[in-house]
Amino acid sequence: MDIQPKLYSFGSFFKSTPRLMIPRFQREYSWEESNYKQYLDDMYHCLSIENGDLKTSDYFLGNMLFVPQNIKDPNNSIWDVIDGQQRLTTITILLSALAKTFAKNKETKQQAERIFDLYILPRDDDNEPQRIVRTKTSYPFFSNLIQDKEFALSDTSIEKSDSPKSEEEIELSKAYKFFLKAFEEARIRKDLSNQLDSNLLNSISYKDILTKIREQVLDTQFISIIVNSRSESYRLFESLNSKGKPLSNVDMIKNALFELLSQTEPSDFASDKWKELHDNLVGTEISLQDFYFLFWNSRYKNVSRKKLFSAFKNDIEKTTDSYKNFLENLVNSSKLLKEVVSPDLKYFKNKIEFKRFIDSMKRIETELSIRQARYISIALYDAYERKVLKCQDLENVGILLEDFLFAYTSITSGRANRYAGKFSSFARELHAVTKRDDAIKLIKELETDLAEKYPSKDQFIAGYKKLVYSSKGIKVSECMKTKYALRRLSDYYASNNYNLVEPTIEHIMPDNSDAPSISIGNLLLLEGPLNKEAERNNFSKKLDIFTKSKNDFVKNFVIEYQNCSDWNEEQISKRAEKLAELTYDSVLTSFKK
């Protein structure tokens, strides 16, 4: 292997080397605040004050690995960045933020322009601007936010720039905002005073401080390693990461896919699919790392996050067709994840017969917030798309999951590891079957397995009576469970098509943030206007107001307690037990014994 190492400062490197390309197989920008804060702290700790002046000092930032795109003429070729992408991107962001800070003052506008003209966006022999660092994965967002000289040197707020959409764009935007905030005069003096004499620091102008930070960053040294072999670069990518954030398993899997699926003309299959994957995750609030873990365990076999890459190498045949099929499955699952996270009847062309399934999916995802169900949910959508399951099958599994998760997890706080393995194995088996009869058999086996774990009536009642709701001092997750329990009761009592829109929680005894007023035995689901009308009226007056409700759950309460002159702790306790028994025996029907 022909390796050419050379020691550079970043200032000399940016001014003397060809343009840099962060290639298609590279991981997205993933440095977090702790990473770039540590880098900035390191820069600050290199500064000292001597004879009233700020001085810089030596700092070494490790190795960086490059491969010229034109091996025969490397000095006139674009260099692919194999190792060092995170650091180069961060330094470019820092310099851009520093330039924008300089540009705020007319006296330092020239320094801002020089940062761009020398280190971010220099001009070629034809006087055309050329970005030093170019990226495939975040283009054009990175260029528009970080490398646009007109934007950086103007007083335009970052909030008026393009909104970040992907996970990578969000991280780039966060880093830029961090450095802009860090370079404000009050902040920078405060941070530097942690290591420098504040009295001496106060005698140094803000302009001189910014100038020395720029010098420290540009004087920082690293070893540039040029490898004149593209095939070797992919292998080195897996092992080299000298000063940056460690490569994740997903980073290495992406590298392996892109190494084999290297064809870029007439189209770049791997890049196009990877972009589609990222686009599908936008808005789900699920990271690529978490999604891939979910995907692998629901498709192939259960492995820990640390073993995802080795599992990929062992289980996925290293052929073009196999890798393409794997990538197709990954992207298709990401499409289905969007449906799971935000269930919508539109997916089923607004066919009303799918409403109960959609309702179950919504409740599991948003009210119960139990993420392990996503293993099965994605597999259900996939089986429906493959015509392996029908509408009634989806509905049956949906209510089965809903009933089990509410009783086992929400009410009795059962451990997720007792069912997570079954959820993922069921998903893997369902993905594999091609006939409905086989799928129905799997569903029956799932039902049997969950029935064995389903809590006893005594366990359920004990947990149910602990449900509470209050806007004061109770966790949102606890309130969501209680509201869910009340909604299930409301649905149970419903004898007409009336549905509460934006139902509110009514505390029959006024909420005083403590038992028994916050107990489920003291709660009703009530229309908002009636809840406001009832407020802190006495019990008798509240009953009169409750009679106006169209909700059968409330109507039943009025009938049952119409002869009560008062509402007290004993009645609340008895009602809580009664609601628990009713829910176990009649509302949760999937495991009725």
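Here the structure is a predicted model, which means the values were calculated and not measured.

K.L.:
Help me understand helix 25 (residues 539-546), please; the structure alone is not making it clear to me.
P.N.:
An α-helical turn contains 3.6 residues, so a residue and the one three or four places further along point in the same direction. For helix 25, the set of buried residues is Phe539, Lys542, Leu543, Ile545 and Phe546. Viewed along the axis of helix 25, the buried residues span an arc of 160°, placing them on a single side of the element. Those residues of helix 25 that are buried are in contact with strand 9 (504-507), strand 10 (523-526), helix 24 (528-534) and helix 26 (552-561). The opening residue of helix 25 is Asn538, an N-cap whose side-chain oxygen sits 3.3 Å from the backbone nitrogen of Ser540.

K.L.:
I would appreciate a short explanation of the side chain of His431 in the present structure.
P.N.:
Tracing the backbone through its elements, the reader meets His431 in helix 20 (residues 417-432). Under the relative-accessibility criterion, His431 is labelled buried at 10%. Those residues in contact with His431 that lie beyond four places of it in its chain are Ser298, Arg299, Ile378, Ala379, Asp382 and Arg386.

K.L.:
I tried to follow the packing of helix 2 (residues 33-45) against helix 7 (residues 167-182) on my own but got confused; where do I start?
P.N.:
Packed helices, taken two at a time, are described by their axes: the angle between them and the distance between them. Relative to each other, helix 2 and helix 7 sit at 35°, their axes nearing to 10 Å. The two elements helix 2 and helix 7 cross, and the hand of that crossing is right-handed. Along the contact surface, helix 2 presents Glu33, Tyr36, Lys37, Leu40 and Tyr44, while helix 7 presents Lys174, Ala175, Phe178, Phe179 and Ala182. Looking at the contact of helix 2 with helix 7 residue by residue, the class counts come to seven nonpolar, no polar and three charged.

K.L.:
It is not clear to me how the nonpolar core should be interpreted in this structure. Could you clarify?
P.N.:
A general trend in soluble globular proteins is that nonpolar side chains are found buried together. Tyr292, Phe312, Leu405, Leu430 and Tyr464 are the most contacted members of the largest nonpolar core, which has 122 residues in total. Once residues lying within four places of it in the same chain are set aside, the contact partners of Leu430 are Ala379, Leu380, Ala383, Arg386, Leu389, Ala439 and Leu442. If you look at the next biggest cluster of nonpolar residues, it comprises 69 residues, including Ala97, Ala103, Phe116 and Ile146.

K.L.:
Would you mind showing me how to read the packing of helix 17 (residues 355-367) against helix 19 (residues 391-411) here?
P.N.:
Look at helix 17 against helix 19: their axes get within 8 Å of each other, and the N-to-C directions meet at 30°. On the basis of the axis angle, helix 17 is roughly parallel to helix 19. The handedness of the crossing between helix 17 and helix 19 comes out as left-handed. Across the interface between the two elements, Arg356, Phe357, Ser360, Met361, Arg363 and Ile364 from helix 17 touch Leu394, Glu395, Gly398, Ile399, Leu401, Glu402 and Leu405 from helix 19. The residue makeup of the contact of helix 17 with helix 19, split by class, is seven nonpolar, two polar and four charged.

K.L.:
Looking at this structure, I do not really get the environment of Asp344. What am I missing?
P.N.:
In this fold, Asp344 is placed in the loop between helix 16 (320-341) and helix 17. Sequence-wise, Asp344 and Ile170 are 174 residues apart; in three dimensions their C-alpha atoms are separated by 26 Å. Within the structure, the side chain of Asp344 is placed 2.9 Å from the backbone nitrogen of Lys346, a separation counted as a polar contact.

K.L.:
How should the pairing of strand 6 (residues 79-83) be read in this particular structure?
P.N.:
Consecutive side chains along a regular strand alternate between the two faces of the sheet. Of all five residues making up strand 6, five are buried, and the element is well covered by its neighbours. Bridging between strand 2 (residues 20-22) and strand 6 involves two bridges; their strand directions are parallel. Bridging from a neighbouring strand, Leu20 pairs with Trp79 of strand 6. Where strand 5 (residues 60-68) meets strand 6, four bridges bridge the pair, whose relative direction is antiparallel. When the sheet's bridge partners are listed, Val67 is paired in strand 6 with Asp80.

K.L.:
Got a minute to help me understand unusual backbone geometry in this structure?
P.N.:
Trans is the prevailing form of peptide bonds, just as negative phi is the prevailing case for residues other than glycine. The omega torsion of the bond from Tyr139 to Pro140 falls at 5°, within 30 degrees of zero and hence cis. When you line up the elements, Pro140 lands in the loop between strand 7 (133-135) and helix 5 (141-146). Residue Pro516 is reached from Ala515 by a cis peptide bond, and omega for that bond is 0°. On the secondary structure map, Pro516 appears in the loop between strand 9 and strand 10. One non-glycine residue, Lys349, lies in positive phi territory at about 55°. For Lys349, the position within the fold is in the loop between helix 16 and helix 17. A relative accessible area of 70% means that Lys349 is categorised as exposed.

K.L.:
Explain the pattern of salt bridges to me, please; I cannot follow it from the model alone.
P.N.:
Working definition: two side chains of opposite charge can pair if their charged atoms are close together. The full count for this structure, using the stated rule, is 38 salt bridges. Between Asp359 and Lys355 there is a salt bridge, and its shortest N-O distance comes to 2.8 Å. One end of the pair, Asp359, and the other, Lys355, are both in helix 17, four residues apart, so they sit about a helical turn from each other. In this structure, the salt-bridge partner of Asp449 is Lys453, at a minimum N-O distance of 2.8 Å. Placement of the pair is Asp449 and Lys453 together in helix 21 (residues 436-453), with a separation of four residues, close to one helical turn. Side by side, Asp449 and Lys453 carry an identical accessibility label, which is buried.

K.L.:
Can you walk me through the packing of aromatic side chains in this structure?
P.N.:
Any pair of aromatic rings gets described here by the distance separating the centres and the angle formed by the planes. Going through the model one piece at a time under the given rule, you end up with 52 aromatic pairs. The interplanar angle of 50° and the centroid separation of 6.0 Å between the aromatic rings of Tyr292 and Phe295 together place this pair among those described as tilted. Taken together, the positions of Tyr292 and Phe295, both in helix 14 (residues 288-299) and three residues apart, correspond to about one turn of that helix. Each member of the pair, Tyr292 together with Phe295, is buried. For the ring pair Tyr561 and Trp567, a centre distance of 5.1 Å and an interplane angle of 90° mean the geometry is edge-to-face. The same class applies to Tyr561 as to Trp567, namely buried.

K.L.:
Help me understand the sheet that holds strand 7 in this model?
P.N.:
The strands making up a sheet are joined through hydrogen bonds of the backbone, oriented either antiparallel or parallel. With mixed pairing, six strands are arranged side by side in an open sheet as 1-8-5-6-2-7. Looking along the sheet, the strands with just one partner apiece sit at the ends: strand 1 (3-9) and strand 7. Averaged over all pairs of adjacent strands, the angle between strand axes in this sheet comes to 35°, irrespective of strand direction. Bridge count between strand 5 and strand 8 (residues 221-227): five bridges; the pairing is parallel. Considered in strand 8, the bridge of Phe66 is made with Ile226. In the packing of helix 3 (residues 85-103) onto the sheet, contacts are made with strand 2, strand 5, strand 6 and strand 7, and the angle to strand 5 comes to roughly 110°.

Thresholds applied
- As a convention, each chain's residues are numbered from 1 in the sequence order in which they are written.
- Only residues with pLDDT of 70 or above have their local features reported here, since the model is predicted, and side-chain atom pairs are shown and tallied only from 80 upward, although totals for entire chains, interfaces and linings are computed over all residues.
- The side-chain quantities take in all heavy atoms of the structure and omit both hydrogens and water.
- Between buried and exposed lies partly exposed: a residue is buried under 20% and exposed over 50% of the maximum accessible area for its type, with that area taken using a 1.4 Å probe on protein chains only.
- The secondary structure listing takes helices from DSSP runs of H or I that are at least 4 residues long and strands from runs of E that are at least 2 residues long, numbered from the N terminus.
- In this description, one arc is meant: the one made by directions from the helix axis to the C-beta atoms.
- Contacts are assigned to residue pairs with any non-hydrogen atoms lying within 4.5 Å of each other.
- Between N or O atoms, a polar contact is any pair within 3.5 Å; within protein, one atom must be a potential hydrogen donor and the other a potential acceptor, and residues adjacent in sequence are included only when both atoms are from side chains.
- Here, axes are lines fitted to C-alpha atoms. For helices the fit covers the stretch in contact, and angles between N-to-C directions go from 0 to 180 degrees.
- Helix crossings fall into two classes, left-handed where the near helix is turned counterclockwise from the far one by less than a right angle and right-handed where it is turned clockwise.
- For this classification, Asp, Glu, Lys and Arg are treated as charged, while Ala, Val, Leu, Ile, Met, Phe, Trp, Tyr, Cys and Pro are nonpolar and the rest, including Gly, are polar.
- Each nonpolar core is a collection of buried residues, namely Ala, Val, Leu, Ile, Met, Phe, Trp, Tyr and Cys, held together in the definition by side-chain atoms within 4.5 Å.
- Here is the rule for angles: anything less than 35 degrees is roughly parallel, anything more than 145 is roughly antiparallel, 65 through 115 is roughly perpendicular, and the remaining ranges are oblique.
- In this analysis, strands are considered paired if DSSP registers two or more bridges between them.
- The salt bridge criterion pairs a side-chain nitrogen of Lys or Arg with a carboxyl oxygen of Asp or Glu, the two atoms within 4 Å.
- Ring pairs are drawn from Phe, Tyr and Trp, using the six-membered ring of Trp, whenever the two centres fall within 6.5 Å, and their geometry is named by plane angle: stacked under 30 degrees, edge-to-face over 60, tilted for the rest.

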